[in-house]
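Chains, contacts and geometry: an overview
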Amino acid sequence: MKEVKVKVQNLNVFFNYLQALNSVSIEIYSNKITSIVGPSGCGKTTFLRTINRMNDLIMGFRKTGEVIIDGVELYDNSIDVVNLRRLVGMVFQTSNLFPKSVYDNITFGPRLHGIKDKKRLDEIVENVCTRSAIWNEVKDRLNENALSFSAGQQQRLCIARVLAVEPDIILMDEPASALDPSSTAKIEELILDLRNNYTVLIVTHNMQQAARISDYTAFFYLGQLVEYEKTSKMFTNPTNKQTEDYITGRFG
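Conventions adopted
Residues numbered from 1 in each chain as written. Predicted model: local features only at pLDDT ≥ 70, side-chain atom pairs only at ≥ 80, totals over all residues. Heavy atoms only, no water. Pairing = 2+ DSSP bridges. Helix = DSSP H or I, 4+ residues; strand = E, 2+ residues; numbered from the N terminus. Axes fitted to C-alpha atoms, helices over the stretch in contact; angles between N-to-C directions. Contact = heavy atoms within 4.5 Å. Expected span 1.5 Å × (residues − 1). Buried < 20%, exposed > 50% of the residue type's maximum accessible area, 1.4 Å probe, protein only. Arc of directions from axis to C-beta. Core = buried A, V, L, I, M, F, W, Y, C linked by side-chain atoms within 4.5 Å. Left-handed = near helix turned anticlockwise from the far one by under 90°. Nonpolar A, V, L, I, M, F, W, Y, C, P; charged D, E, K, R; others polar.

Before going further, it helps to examine the sheet that holds strand β6 (residues 88-91). Pairing in this open sheet of 6 strands is mixed, and the strands run β6-β7-β8-β3-β9-β10 from one edge to the other. Each edge of the open sheet carries a strand with a single partner, namely β6 and β10 (224-230). Adjacent strand axes in the sheet meet at a mean angle of 20° when their direction is disregarded. The sheet contacts of helix α6 (residues 151-163) involve β6 and β7 (169-173), and relative to β6 the element is tilted by about 170°.

See below:
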């Protein structure tokens with residue numbers, strides 16, 4: 001039985017007078033990888049950023065409708081947004097590591113949330129770097145500047161940094177779009193492994209990537225959710241003609 005992790009009901013998002021999302025309703029399932037696809041400007045990233053309230057930081061943002069995680073409405077006045085962003089981690093299109101050591105980058109979140117014990121921090125670093133498939137590459141370089149590593153390594157370090165604060169959900173916005181094919185393959189393999197312990201939402205322009213790694217796919221167009229289905233069905237027998245045209249490259 002599928003367990004609903006994120007439930008979005010009749011979500012409308014505005015930035016001043018521009019409507020970015022229009023009446024979006026969707027249920028995201030636990031321990032599944034859900035790809036969000038669609039042409040540029042269709043609302044994919046806006047939708048993703050709604051789930052950890054990153055849009056709150058943009059001038060003129062307002063929304064109607066509900067975004068619910070584990071039965072809790074995210075936009076309730078009682079919500080601690082800092083804690084929410086710990087529970088809903090985010091990996092961006094390009095690395096956003098601090099110009100600090102690998103160790104300091106990964107322990108930043110745990111320290112912020114009160115973990116000071118050096119032994120515990122050491123354990124966290126080794127654990128999350130191992131789970132992010134980068135431990136062997138950084139274990140002897142933990143004091144080096146994280147920005148001295150390759151783009152692919154930096155993205156895996158970003159994932160390790162997200163894992164260090166023990167999230168429930170991981171959001172990824174085009175995490176491999178700036179990477180070479182070898183680094184992309186490593187990121188995809190890592191994402192597939194993360195599904196065992198996390199709910200993963202990934203925005204991607206790459207249809208082949210969505211087909212390879214996701215359990216479910218949502219197709220957005222002009223701020224609306226056009227179709228949401230198991231990836232296997234959507235890529236072989238989509239219900240909507242617009243979905244078929246996009247997936248087969250006729251537009252977008």
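From this point on, the discussion continues.
Glancing now at helix α7 (residues 181-194). For α7, which comprises 14 residues, the first-to-last C-alpha distance of 20 Å matches the rise-based estimate of 20 Å (1.5 Å per residue) to within 8%. For α7, the full list of buried residues reads Ser 183, Thr 184, Ile 187, Glu 188, Leu 190, Ile 191 and Leu 194. Buried residues of α7 fall within an arc of 160° about the axis and therefore sit on the same side. For α7, the exposed residues lying more than 90 degrees away from the buried face are Pro 181 and Glu 189.

Counting residues in each nonpolar core, the largest one holds 36 residues, and the members touching the most others are Ile 106, Val 138, Leu 157, Met 172 and Leu 194. Listing elements by their share of this core, those giving two or more residues are α3 (102-112), α4 (118-131), α5 (135-138), α6, β7, α7 and β8 (199-203). When residues of this core are assigned to their parent elements, the largest contribution, 6 residues, is made by α6. In terms of nonpolar packing, the next biggest core, distinct from the first, is built from 30 residues, Phe 47, Ile 51, Leu 74 and Leu 84 among them.

The subject of this paragraph is the packing of α3 against α4. It is at 10 Å that the axes of α3 and α4 come closest, and there the two elements cross at 115°. The interaxial crossing formed by α3 with α4 has right-handed handedness. Two secondary-structure elements touch here, α3 through Tyr 103, Ile 106, Thr 107, Pro 110 and Arg 111 and α4 through Lys 118, Leu 121, Asp 122, Ile 124, Val 125, Val 128 and Cys 129. Counted by class, the contact of α3 with α4 contains 8 nonpolar, 1 polar and 3 charged residues.

Turning our eyes to something else, we now look at the sheet that holds strand β2 (residues 18-29). Taken in spatial order, the 4 strands line up as β2-β1-β4-β5 in an open sheet, and their pairing is antiparallel. Pairing within the sheet leaves two strands with one partner each, and these edge strands are β2 and β5 (72-73).

This paragraph deals with the environment of Leu 112. For Leu 112, the location among the structural elements is in helix α3. The spatial distance from the C-alpha of Leu 112 to the C-alpha of Arg 250 is 48 Å, given a sequence separation of 138 residues.

With 14 residues, α4 ought to run about 20 Å at 1.5 Å a step, and its terminal C-alpha atoms sit 20 Å apart, in line with that. Regarding α4, the residues found buried are Leu 121, Ile 124, Val 125, Val 128 and Cys 129. Take α4 and look down its axis: the buried residues cluster within an arc of 115°, on one side only. Among the structural elements, α3, α5 and α6 are those in contact with the buried residues of α4.

Moving on, we come to the pairing of β6. Burial along β6 is two-sided: the face carrying Val 88 and Met 90 and the face carrying Gly 89 and Val 91 are both buried. With 4 bridges connecting them, β6 and β7 associate as parallel partners. Looking at the pairing, Val 88 lines up with Ile 169 of β7.

Honestly, it's all geometry; don't read function into it.
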